[in-house]
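# Coordinate analysis (summary)
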Amino acid sequence: MNFRSHLSRILGVCAVAVFQCALLIDCAESQTTPAQPVSATQPAQGTEVGLAKAAPGSPLDFTQKQGEHPPAPVVRALQISEHEIDSNIRDYQCTFAKRERVDGELGDYQIITLKVMQQPFSVYMNFQKPYAGREVVYVAGQNDGKLTVLDAGFTRMLGKLNLDPTGPRAMSGQKHPITDVGMRNLTAKLTKMWENEMQFAECDVTVKPNIKVEGRNTTMVQVVHPVARQNFKFNAARVFFDD
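Notes on the structure in this doc start here. Just so you know, these numbers come straight off a predicted model, no measurement behind them. (Residues numbered from 1 in each chain as written. Predicted model: local features only at pLDDT ≥ 70, side-chain atom pairs only at ≥ 80, totals over all residues. Heavy atoms only, no water.)

Time to look at the pairing of strand β5 (residues 110–117). Two faces make up the sheet, and in a regular strand the side chains alternate between them. Summarising the sheet, strand β2 (residues 91–98) and β5 pair through eight bridges and their orientation is antiparallel. Pairing of Asp 91 across the sheet is with Met 117, part of β5. Here seven bridges tie β5 to strand β6 (residues 122–129), and the two strands are oriented antiparallel to one another. Its bridge partner lying in β6, Thr 113 is registered against Asn 126. Two successive antiparallel strands, β5 and β6, enclose a turn made up of four residues. (Pairing = 2+ DSSP bridges. Helix = DSSP H or I, 4+ residues; strand = E, 2+ residues; numbered from the N terminus.)

In this structure the tally under the stated criterion is four aromatic pairs. With a centroid separation of 6.0 Å and 85° between ring planes, the pair formed by Phe 200 and Phe 232 is classed as edge-to-face. Here Phe 200, found in the loop between α3 (183–197) and β10 (204–213), pairs with Phe 232, found in the loop between β11 (216–224) and β12 (234–242); they are 32 residues apart in sequence, far enough to count as distant. Accessibility classification places Phe 200 together with Phe 232 in one group, the buried group. The side chain of Arg 134 reaches across the aromatic face of Phe 127, ending 5.6 Å from its centre. When the ring centre of Tyr 131 is taken as origin, the NZ or CZ atom of Arg 134, which lies over that ring, is 4.1 Å away. (Phe/Tyr/Trp six-rings, centres within 6.5 Å; stacked < 30°, edge-to-face > 60°. Buried < 20%, exposed > 50% of the residue type's maximum accessible area, 1.4 Å probe, protein only. Lys NZ or Arg CZ within 6 Å of the ring centre and 35° of its normal.)

Turning next to the environment of Arg 184. Locating Arg 184 in the fold gives a position in helix α3. Sequence spacing of Arg 184 and Gln 118 is 66 residues, and the spatial spacing of their C-alpha atoms is 8.3 Å. When neighbours within four sequence positions are excluded, Arg 184 is seen to be in contact with Glu 82, Ile 85, Asp 86 and Gln 118. Only 2.7 Å separates the side chain of Arg 184 from the side chain of Asp 86, close enough to count as a polar contact. (Contact = heavy atoms within 4.5 Å. Polar contact = N/O pair within 3.5 Å; in protein donor to acceptor, adjacent residues only side chain to side chain.)

Right under this line is the structure:
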């Protein structure tokens, strides 16, 4: 069975999905001194640690309730997005553009045709640039947990390679493994990150509606920690929610 027919059997035809969810994230890293936890002796405006759970199907509302920590409305919006994905999105196709800072060095933009299937979690990548023509496929629970890559150029003649998704060869020039790819994984990671960070103060949230992303109306949410701390994964993050 050749690579393409194997891929077709696994992923089928992925539909382009349109849903209320984070479209993309733009982050700046943070690693310095520890942050101060929210406490009774160090109150901060809007730093209640508790979080009201979002009701499935609720409209996205970024209004901060009295006494809430500033990121709480963003976490609720992400919870709604997760439920929307789990309930209504089986698979999707998109153009994935990323640029990462790895080992302190900012890399080039990577443009990838991306196909994702939710169950079983499956990913197909076709690189447009760099490495034009490189194809990668990963299916959870298959191939001994390894991804399969068919490289571009001269090395394509070497045939398929099976690699550990978190091994040094697969992670070369990458900050995140293929197992982290997809909107569902992104929203889950953001939710967990901001839930954890709500135990600390020092957080500013800005919401800007009607921001265009590739011609679509979105709401941009910016979360900033004014002072970079080692407790915060990012000093600043921007998430764009599809309206």
